[in-house]
Amino acid sequence: MNILIIGSGGREHAFAMQISKSKLCTELFILPGNAGTASLGKNIPIDPTNFPIIGKFCLDNTIELIVVGPEDPLVKGMRNFFMADNQLKRIAFVGPDETGAQMEGSKDWSKTFMQKYGIPTAAYKTFTKENLKDGISYLENHSLPIVLKADGLAAGKGVLICETKEQAIKELQLMIQEQKFGSASDKVVVEEFLKGIELSVFVLTDGKNYLVLPSAKDYKRIGEGDTGLNTGGMGAISPVPFADEAFLNKVEERIIKPTIAGLQAEGINYIGFIFIGLMNDKGEPNVIEYNSRMGDPETEVVLPRIKNDFAEMMLAAATGKLNEIKLDIDPRTATTIMLVSQGYPEAYEKGKKMEGLELASDSILFHAGTKFNEQGDLVSNGGRVLAVTSLGNSIEEALAISKKNAALIQFENKYYRTDIGYEFMG
Ligand code: AMP
Ligand code: GLY
């Protein structure tokens, strides 16, 4: 069958690598894709939220399966668009509809959902300009630190952790009155600070059956030892040493099952990935957030450990047959180091020529922000440029391979963290 992947990052390169190996895959298209996906299928330069043009492309190219990577097209209703069309609705589609994508698209929606279904999460209250005054008095009586979250999508920047009440009040006003994050912060969720250590759990569901994919931990800060600004993710490991069977059982019973049951009770036929951001507080899991997609760079360590035919898994999810799939997971540890452009997550330069990728043959390279320039050279094309993934019998072993190869790959102003997984190493 002809398969279409939506997106252009390392996550989508990892999807493409897995799907291109499938016995089900005839032709693979990535929309818009990057220089890495170009070697596995055909890149299609169309805007991932231009649904009418994508629909036409799918019919012209007899696409039979679509896998959506990023949240934006989902939150904007890509599934709804396809399901409302007599021809397009026949295409198997992995990704929730607009309502399901509210899990990520609205923090207020997802907090209300968690509260309604008894899913453990931080206590919260939501404020808008109508009750801003109440919000300020709420903050005056709140314990520290205070977490403020823009309700809508804010490109990963909408969460503020305030150390003082004065700062929290000022930020709440900026978010609501000055639209600090545009209309995304017309509504603000104020929540308790959760202590503990984070991890990401990924669930694939067909609406009733589900599979729990390998867990992962991502390293969001730009600097060694988790210091400096937040980024999209500087590296990841899978599995996560503390996410043992006992902990994951709690996650399944207290969080995954009520989440799937809650979605059904709400009448949401959720088909796709649910990314559960968790805090482990001394063995007790609490949900920080849901996302309606896989994580990036977590995908770059989770997918290389999945030995199943990935297109078959995607098709089973889209057609209500996930109960027929038994996961086959590589027991080894995967680590990934993200090579980024110096200056990221703030201003950085693109278009730097990249060399030495062929020297890194014992790692898997997932392109995140790359392209071929007019001369046909491979160049950097984003803040996050390339994920260097390695497998080993321990974090130390896998990381040593990723580090060796991260050093061999060259581009001007390359920067990366060398301490991914540091808290689990002896
Ligand atoms: P998010 O944009 O929801 O992924 O949040 C960004 C980051 O903020 C999370 O990965 C956590 O590290 C942190 N965070 C969010 N909510 C809380 C909370 N209630 N307590 C502690 N840390 C939080
Ligand atoms: N790595 C975190 C995310 O994808 O949101």
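In the block above lies the structure referred to throughout.
Residues numbered from 1 in each chain as written. Chains lettered and ligands numbered in written order. Predicted model: local features only at pLDDT ≥ 70, side-chain atom pairs only at ≥ 80, totals over all residues. Heavy atoms only, no water.

**Notes on the pattern of salt bridges**
A side chain of one charge can pair with a side chain of the opposite charge if their charged atoms are brought near each other.
Phase 1 of the analysis: Counted by the stated rule, this structure contains 25 salt bridges.
Phase 2 of the analysis: One salt bridge in this structure joins Glu312 and Lys23, with 2.9 Å as the shortest N-O distance. One end of the pair, Glu312, is in helix α11 (residues 310-318); the other, Lys23, is in the loop between α1 (10-20) and β2 (28-32), with 289 residues separating them in the sequence.
Phase 3 of the analysis: For Lys23, a relative accessible area of 64% corresponds to the exposed category.
Phase 4 of the analysis: For Lys149, the salt bridge goes to Glu191, with nearest N and O atoms at 3.0 Å. With Lys149 in strand β7 (residues 146-150) and Glu191 in strand β10 (residues 188-192), this residue pair connects regions lying 42 residues apart in the sequence. Like Glu191, Lys149 is buried. (Salt bridge = Lys/Arg side-chain N within 4 Å of Asp/Glu carboxyl O. Helix = DSSP H or I, 4+ residues; strand = E, 2+ residues; numbered from the N terminus. Buried < 20%, exposed > 50% of the residue type's maximum accessible area, 1.4 Å probe, protein only.)

**Here we look at the sheet that holds strand β11 (residues 197-205)**
Sheets are built from strands that pair by backbone hydrogen bonding, the pairs being arranged parallel or antiparallel.
Phase 1 of the analysis: Strand order in the open sheet made by the four strands is β12-β11-β17-β18, with antiparallel pairing throughout. Of all strands in the sheet, those with a lone pairing partner are β12 (210-212) and β18 (284-291), marking the two edges. Looking at each pair of strands side by side, their axes are set apart by 30° on average, direction ignored.
Phase 2 of the analysis: Sheet topology note: the β11/strand β17 (residues 272-281) ladder contains nine bridges and is antiparallel. In the strand pairing of β17, Glu198 is matched with Met279.
Phase 3 of the analysis: Against the sheet, α11 touches β11, β12 and β17, its axis set at about 70° to β11. (Pairing = 2+ DSSP bridges. Axes fitted to C-alpha atoms, helices over the stretch in contact; angles between N-to-C directions. Contact = heavy atoms within 4.5 Å.)

**Some points on the pairing of strand β19 (residues 333-341)**
Phase 1 of the analysis: β19 sits mainly inside the fold: nine of its nine residues count as buried.
Phase 2 of the analysis: Burial along β19 is two-sided: Thr333, Thr335, Ile337, Leu339 and Ser341 facing one way and Ala334, Thr336, Met338 and Val340 facing the other are all buried.
Phase 3 of the analysis: Of the strand pairs in this sheet, strand β16 (residues 235-238) and β19 are connected by four bridges, and their pairing is antiparallel. Across the sheet, residue Ser238 finds its bridge partner in β19, namely Ala334.
Phase 4 of the analysis: As defined by bridge partners, β19 adjoins strand β23 (residues 384-392) across eight bridges and the pair is classed as antiparallel. Bridging across to β23, Ile337 finds its partner in Val388.

**Details of the site of ligand 2**
Phase 1 of the analysis: Every residue lining ligand 2 is accounted for by Asp218, Gly232, Phe275, Arg293, Gly295, Asp296, Pro297 and Glu298.
Phase 2 of the analysis: One of the side-chain nitrogen or oxygen atoms of Asp218 is found 2.5 Å away from a nitrogen atom of ligand 2.
Phase 3 of the analysis: Within the backbone of Asp296, one N or O atom sits 3.0 Å away from an oxygen atom of ligand 2.
Phase 4 of the analysis: The protein chains hide 87% of the 190 Å² of surface that ligand 2 would expose on its own. (Near = heavy atom within 4 Å. Polar contact = N/O pair within 3.5 Å; in protein donor to acceptor, adjacent residues only side chain to side chain. Areas by Shrake-Rupley, 256 points an atom, 1.4 Å probe, with all protein chains shown as cover.)

**Concerning the side chain of Gln18**
Phase 1 of the analysis: Structurally, Gln18 can be placed in helix α1.
Phase 2 of the analysis: Engagement of the side chain of Gln18 in a polar contact is seen with the side chain of Lys21, the distance being 3.3 Å.
Phase 3 of the analysis: Not counting the four nearest positions on each side in its chain, Gln18 is found in contact with Leu303, Pro304, Ile306 and Phe310.

**Looking at the pairing of β7**
Phase 1 of the analysis: Burial analysis of β7 places five of its five residues in the buried class, which makes it a mostly covered element.
Phase 2 of the analysis: Side chains of β7 alternate between two faces, with Ile146, Leu148 and Ala150 and Val147 and Lys149 buried alike.
Phase 3 of the analysis: Two strands pair when backbone bridges link them, and β7 and β10 are joined in this way by five bridges, in the antiparallel orientation. Its bridge partner lying in β10, Ala150 is registered against Val188.

**Here we look at helix α12 (residues 395-408)**
Phase 1 of the analysis: For α12, built from 14 residues, the straight-helix expectation of 20 Å at 1.5 Å per residue is met to within 8% by its first-to-last C-alpha distance of 20 Å.
Phase 2 of the analysis: Of all the positions in α12, only Ile395, Ala398, Leu399, Ile401, Ser402, Asn405 and Ala406 are classed as buried. Taken down its axis, α12 places every buried residue within 155° of arc, on the same side.
Phase 3 of the analysis: Where α12 is buried, its residues meet β16, β19, β23 and β24 (414-415). (Expected span 1.5 Å × (residues − 1). Arc of directions from axis to C-beta.)

**Considerations on unusual backbone geometry**
Phase 1 of the analysis: The residue after Leu31, namely Pro32, is reached through a cis peptide bond having omega 5°.
Phase 2 of the analysis: With respect to the helices and strands, Pro32 occurs in strand β2.
Phase 3 of the analysis: Cis geometry marks the peptide bond from Leu144 to Pro145; its omega dihedral reads -15°.
Phase 4 of the analysis: Within the element layout of this structure, Pro145 appears in the loop between α7 (132-140) and β7.
Phase 5 of the analysis: Unusually for a residue other than glycine, Gln179 sits at a positive phi of about 50°.

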